[in-house]
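Commentary on secondary and tertiary structure
Each chain, written out:
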Amino acid sequence: MMKDREKEWVEFMQAANRGCKPSYSRLLTALASALPPIISPNLARLGLPSGDTEDVVQEVLLAIHSKRHTWDESRPFTPWLRAIVRHKVLDLARQRYKQSEAVIASALDRVETTEAEEEPQSMILVERHVDGLPKQQRNVVRALVLEGASVQETATRLKISKNTVYVTLHRAMKGLVAKFGIENE
Amino acid sequence: MSSEELITRLVAELPASRRQWPVSRLLGAAIALGSAVTFSVIWFMFTRSPHLAHGVSTTIAFTVVAALTLAAGTYRASLTLSRPEAEANITWPVLLAALILITGVALELGSTPPHLWVSRLIGTHALGCFISVTLLALPILFAALFAIRHGAAARPTQAGVAAGLLAGSITGALYEIHCPENSLLFVAVWHVAAIVVLAGLGSYLGRRLLYW
């Protein structure tokens, strides 16, 4: 199925590399609908819920975007795409595995503690997790959420585009949700 | 954020024409810069090898050829491994370099009386050379990892090992400017030990730094 569209995708990708936004948009849209049938069987094989498919699709789209220079125009597109999908599926599997280990560890902690500890205040928790984010994500979250700056102000201050602010925020939120998932379970 | 929104954002982020630096150019520049740093430190802060004054000895020739063989092979591997779909094999450059070294060592053992072997092996600067080569390779190792990070290594550990071997082999060759020992047996043990440590360090750092 992917093979048939190889030629089309190569053309889109080449055009995108020359700054053609409509081609890039068509490529990403085509991939967003072509990827789920490839990703969900792989997730199932690893024992992960198909509800994670959308997450992996978005991770793959982000990776295609930030790593598009690693696709060599003289090489076929599909193997490159497959490798990224594989990497992101395994990445999610690793994350989920670590999370379940953490859940078990924290459950064990709770079993061992007899006295209830005081719940940390949620804002302190947020701050602590924000500190653990990569630098760019940390700066964006700090500016937007903790200092209340606007997207435009944040973009100007960090010398990045507004869209980069959105994309970075998207990544940061994903990371935070993943970490909170562990703590609250 | 829905996938449609994400796509809209990503499309808006696409630059008009400016392409990102390909990894090949970045890796080339990074290795050149890292090697220049290492070379400068050896040139300005270490004494010149006393053997170099008498021209290129057999030891220096074998060391440099073996090191550059390994460097060429692992440079290629580093570049290949920075693409997500790539498979690369670093066994061949390692074997080839080892073969060159072993040939040289065999020649040396043949021309040296056995009671001198141990003193040649240990020399007088064993630990110093080992530590120097390891530390001097760090600028190249970090430069290589930085460049590979710009790519997308699906096998980060392997890419890290390749970077470590690359850094170690270039440093091994450059260190001949200083190395006071004129024995290939010495090089084969102490420089190779440093290169092995660097490969290990590379694999550790690769796993941690080459994430994407």
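None of these values were measured; they are calculated from a predicted model.

Here's the deal with the overall build of chain B
Summing up its helical and strand segments, chain B has nine helices and zero strands in all. Secondary structure elements of chain B occur, N-terminal to C-terminal, as α-α-α-α-α-α-α-α-α. Of all 212 residues assigned to chain B, the portion counted as buried reaches 47%. Within chain B, counting contacts between residues at least 6 apart in sequence, those at least 24 apart form 89% of the total. Accessible surface, chain B: about 10000 Å² in total, of which carbon and sulfur atoms supply 71%. The average position of the 12 basic charges and that of the 8 acidic charges among the side chains of chain B differ by 3 Å.

Some details on the overall build of chain A
When helices and strands are counted, chain A shows nine helices and zero strands. Listing every helix and strand of chain A by position from the N terminus yields α-α-α-α-α-α-α-α-α. With the model as given, the accessible surface of chain A reaches about 10400 Å², and the carbon-plus-sulfur share is 54%.

Points about the packing of helix α7 (residues 138–150) of chain B against helix α9 (residues 184–209) of chain B
All names here are of chain B. One can describe the packing of α7 onto α9 by two numbers: an axis separation of 11 Å at closest approach and a directional angle of 35°. Note that α7 runs across α9; the crossing there is right-handed. Residues L138, L141, F142, L145 and R149 of α7 form the contact with α9, whose participating residues are L198, L201, G202, L205, G206 and L209. Residue composition of the contact of α7 with α9, by class: eight nonpolar, two polar and one charged.

Some points on the side chain of H191 of chain B
Residues and elements named next belong to chain B. Within the secondary structure, H191 is located in helix α9. On the basis of relative accessible area, H191 is assigned to the buried category, the value being 3%. Sequence-distant contacts of H191, that is, excluding residues within four places in its chain, are made with C129, V133, G172, Y175, E176, C179 and F186.

A closer look at the environment of H87 of chain A
Here H87 of chain A lies in helix α5 (residues 77–112). You can call H87 of chain A buried: its relative accessible area is 10%. C-alpha of H87 of chain A to C-alpha of A63 of chain A: the two residues are 24 residues apart in sequence and 10.0 Å apart in space. If near-sequence neighbours (up to four positions away) are discounted, H87 of chain A is found in contact with A153, A154 and W212 of chain B.

Description of the interface of chain A and chain B
Interfaces are frequently sized by the accessible area removed from exposure as the parts join. Between chain A and chain B, the residue contacts involve 39 residues of the former and 30 residues of the latter. At the boundary of chain A with chain B, total buried surface from both sides reaches about 3200 Å², with 60% on carbon and sulfur atoms. Connecting chain A to chain B are zero salt bridges. Taken together, the links from chain A to chain B amount to 13 residue pairs in polar contact (both at pLDDT 80 or more).

Looking at the nonpolar core
Considering soluble globular proteins, one finds that nonpolar side chains tend to be buried as a cluster. In this structure, I31, L141, I148, I170 and Y175 of chain B are the most contacted members of the largest nonpolar core, which totals 43 residues. Those elements that place two or more of their residues in this core are α2 (23–45), α3 (58–81), α6 (126–136), α7, α8 (156–175) and α9 of chain B. If you tally residues by element for this core, the top one is α8 of chain B, at ten residues. For I148 of chain B, the contacting residues outside a window of four places in its chain are L27, S78, S82, A153, A159, A163 and L210 of chain B. Among the nonpolar cores identified, the runner-up in size contains 40 residues, and L28, A34, L48 and V167 of chain A belong to it.

Conventions we followed
- Residues numbered from 1 in each chain as written.
- Chains lettered and ligands numbered in written order.
- Predicted model: local features only at pLDDT ≥ 70, side-chain atom pairs only at ≥ 80, totals over all residues.
- Heavy atoms only, no water.
- Helix = DSSP H or I, 4+ residues; strand = E, 2+ residues; numbered from the N terminus.
- Buried < 20%, exposed > 50% of the residue type's maximum accessible area, 1.4 Å probe, protein only.
- Contact = heavy atoms within 4.5 Å.
- Areas by Shrake-Rupley, 256 points an atom, 1.4 Å probe, with all protein chains shown as cover.
- Lys, Arg positive; Asp, Glu negative; His and termini not counted.
- Charge placed at Lys NZ, Arg CZ, Asp CG, Glu CD.
- Axes fitted to C-alpha atoms, helices over the stretch in contact; angles between N-to-C directions.
- Left-handed = near helix turned anticlockwise from the far one by under 90°.
- Nonpolar A, V, L, I, M, F, W, Y, C, P; charged D, E, K, R; others polar.
- Buried area = accessible area lost by both parts, 1.4 Å probe.
- Salt bridge = Lys/Arg side-chain N within 4 Å of Asp/Glu carboxyl O.
- Polar contact = N/O pair within 3.5 Å; in protein donor to acceptor, adjacent residues only side chain to side chain.
- Core = buried A, V, L, I, M, F, W, Y, C linked by side-chain atoms within 4.5 Å.

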